[in-house]
Amino acid sequence: PENWSGMLAAVAEEKNLDGRQHGDVRLLLAQRAGELVGLEALKHFLSGDDADATRAALTGWAIKNPVAALEWLGKEASPETRRLFIGAAIRGLALTEPDLAISELESIPIERRKNYTGRFVDSLVRATGLDGTEVLIGGMIKRAVAADNVKDDYLGNLFWDFAQLKIEQANTTGDIQGLADWLKKYVGQPYVNPAIVGAVVDRFARTDPLKAFQWLESYNRENLAAGQPTTVGYDFLMNAWTQKEGIESVGRWLGQMTAHPHYDRIAQRYSAVVAAKDPAAAMRWAATINDPSLKAAALDFVKSVSKPKG
């Protein structure tokens, strides 16, 4: 508590003397100052119009003394200050009081809630682990369903961030099947970004393309039955499969799938992959698509790829 301002002054002096920024270290010191002296540090950074350091200090204050930090935000801070910095307090709360952090996040008007989800899931995971965080997110999903907010971006942001951590975990452990089984629990939900499905099937296809295809088929059947507008993931499947086994091998498999109900979508994605290496072959594959709009899109894409540059 006695030397926090001196530490920051030393960092500022180095910047003035030789231009060294110490950006991450400075924010770490700002957060530690918030933990140690709370409002004193916050006022210091606010007076210097230093938004990043203010956020870091508020996060630290909320970690150490969440009641005081929230009381200041609610009673003393201006509405604009609260709007700008509430997310920092929520991140600090998430590290020590996850339930309170979630309550604060859910108290923010729905139209602004998405602005405060950055790094929130990371903080929850540090506090409760992946399994604990999934339980907390599950509660948020239930409340969003009850409030008819399940399609809002804030929930999609949270699920995206959590899914990235699950994918990282699977990459480390090698349990891609477990990852695919986990995602299947959320099939048909509007907060599941199609790119998450793509990332999962990409990793699955790099180990077992046929199993990846079968899993994606099952996912898409359930996804469409739940009211989602279109299939997802075939572009990631074709990219990963062709990288693993080559375009010729995948082409032989696809040639046997012409009666498949999703053939047009798969062939469209495959022709896009082939276009980079063999535009003429890609045009032939695009011509096999039955759906007029998908065929036109596939042909246009191949033409754009094969068009001479310059």
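Residues numbered from 1 in each chain as written. Predicted model: local features only at pLDDT ≥ 70, side-chain atom pairs only at ≥ 80, totals over all residues. Heavy atoms only, no water.

Here Arg119, not a glycine, exhibits a phi torsion of approximately 65°, which is positive. Position of Arg119 relative to the elements: it lies in the loop between helix H8 (110-113) and helix H9 (120-146). Under the relative-accessibility criterion, Arg119 is labelled exposed at 52%. If you check the backbone angles, Asp148 has positive phi at about 60° while not being a glycine. Counting through the fold element by element, Asp148 comes out in the loop between H9 and helix H10 (153-173). Residue Asp148 is classed as exposed on the basis of its relative accessible area, which comes to 68%. (Helix = DSSP H or I, 4+ residues; strand = E, 2+ residues; numbered from the N terminus. Buried < 20%, exposed > 50% of the residue type's maximum accessible area, 1.4 Å probe, protein only.)

What follows covers the side chain of Gln268. Mapped onto the elements of the fold, Gln268 is located in helix H16 (residues 263-275). When sequence neighbours within four positions are dropped, the list of residues in contact with Gln268 reads Ile289, Leu294, Ala297 and Ala298. (Contact = heavy atoms within 4.5 Å.)

Below, the discussion takes up the nonpolar core. Among the nonpolar cores identified, the biggest contains 98 residues, and Leu183, Trp215 and Leu237 are the most heavily contacted of them. With ten residues, H9 is the largest single contributor of residues to this core. Sequence-distant contacts of Leu183, that is, excluding residues within four places in its chain, are made with Phe159, Val192, Ile196, Val197, Val200, Trp215 and Tyr219. (Core = buried A, V, L, I, M, F, W, Y, C linked by side-chain atoms within 4.5 Å.)

Let us now look at helix H15 (residues 247-255). Residue pairs spaced three or four apart in an α-helix point in one direction, given the helix's 3.6 residues per turn. Turning to H15, its buried residues number three or more, namely Ile247, Val250, Gly251, Trp253 and Leu254. In an axial view of H15, the angular spread of the buried residues amounts to 160°, which keeps them on one side of the axis. Seen from the open side of H15, the exposed residues pointing more than 90 degrees away from its buried face are Glu248 and Arg252. Where the residues of H15 are buried, they touch helix H13 (209-225), helix H14 (234-245), H16 and helix H17 (279-287). (Arc of directions from axis to C-beta.)

A complete count under the given rule lists twelve salt bridges for this structure. Across the pair Arg143 and Glu106 runs a salt bridge whose closest N-O atoms are separated by 2.9 Å. A residue pair is termed long-range when its members are at least 10 positions apart, and Arg143 in helix H9 and Glu106 in helix H7 (residues 98-107) qualify at 37 residues. Classification of Arg143 as partly exposed rests on a relative accessible area of 41%. Assessed through its relative accessible area of 22%, Glu106 is described here as partly exposed. Salt-bridge contacts for Lys184 lead to Glu222; the nearest nitrogen and oxygen are separated by 3.3 Å. Of this pair, Lys184 sits in helix H11 (residues 176-184) while Glu222 sits in helix H13, and the two are 38 residues apart along the sequence. Linked by salt bridges that have partners in common, Asp202, Arg203 and Arg206 make up one network. (Salt bridge = Lys/Arg side-chain N within 4 Å of Asp/Glu carboxyl O.)

Any functional reading would require information that these geometric values do not contain.
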